[in-house]
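# Understanding the architecture of this molecule
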Amino acid sequence: WALALCAISIWYFFLPPRFGFQFETSASLVALLLFVAVGTLEVLIVGALRMAASRIKHLSATSSAIFNSSPDAIIISDGKGTIRHINGRTQDLLGYATDALVGKSSDVLLPARFRSAHAGLRQAFAKAPKMRGMGRGLDLFAQRADGSEISVDIQIGPIVIDGEQLFIATVRDISDQKALAKALAESRRQQDILAERDKAAEQLRRWADAFENAAFAIAIVDPETDTI
């Protein structure tokens, strides 16, 4: 743009038949001022467009970096459950190759025993979508590409991209937390068993002391055989 404006300026004001920067009429002055105003406006517009394009590129790169560096799997699907976008963590967590999930139904990520009920739940959510945890109070599982299952926590909510209503789900692997919670529960159970045993042993010891140290004679007899 700048080079074009310079070329037009040289041609109009300095090259033949003018051969110089002269104003023969007031129209020439008006033309110069108009030219400068238009040129300045075009330069400002081009600069603003370049800044806007640079900002959009920066925001796009930042959003892409955040999307793909998230520690949670992120899955974006439409109202029919068709997967539109996934991040890199989704591939790592669920064991799928790059873009292998895009275009498939999100049902492939569910164990078979949950798929029949999923369509109805998805339709109900689409009628009143809001950010919330999926399956509150329930144990959720995701099925990996190799058929194995992992315990997950899922947050789901609506999102609009290019004017289209989509749904974004963040999936977190909580298998380790589940295993730890199970181990802690088993440890508490074992502690309770040991505590009950200690209590029973203490009661038996006290009974034995009372039996042995009684001030009168005590005998325990089997009534069926009269055996002491």
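Residues numbered from 1 in each chain as written. Predicted model: local features only at pLDDT ≥ 70, side-chain atom pairs only at ≥ 80, totals over all residues. Heavy atoms only, no water.

### Digging into the pattern of salt bridges
As a reminder of what qualifies: What makes a salt bridge here is a side-chain nitrogen of Lys or Arg within 4 Å of a carboxyl oxygen of Asp or Glu, nothing more. Numbering of helices and strands runs from the N terminus; a helix is a DSSP stretch of H or I covering at least four residues, while a strand is a stretch of E covering at least two. Any residue under 20% of the maximum accessible area for its type is buried, any over 50% is exposed, and the rest in between are partly exposed; the area is computed with a 1.4 Å probe on protein chains only.
All told, the structure shown has 10 salt bridges when counted by the stated rule. Between Arg172 and Asp72 there is a salt bridge; the shortest N-O distance is 2.9 Å. Here Arg172, found in strand β6 (residues 164-173), pairs with Asp72, found in the loop between α2 (26-69) and β1 (73-77); they are 100 residues apart in sequence, far enough to count as distant. Salt-bridge contacts for Arg206 lead to Glu202; the nearest nitrogen and oxygen are separated by 3.0 Å. Pair noted here: Arg206 and Glu202 are both in helix α5 (residues 175-212), with a separation of four residues, about one helical turn. We classify Arg206 as exposed; its relative accessible area is 57%. Each of Glu202, Arg205, Arg206 and Asp209 takes part in salt bridges that share partners, so that together they form one network.

### Digging into unusual backbone geometry
The phi angle at Asp226 is positive, at roughly 55 degrees, despite the residue not being glycine. Structurally, the position occupied by Asp226 is in the segment after α5. In this structure Asp226 comes out as exposed when scored by relative accessible area, which is 61%.

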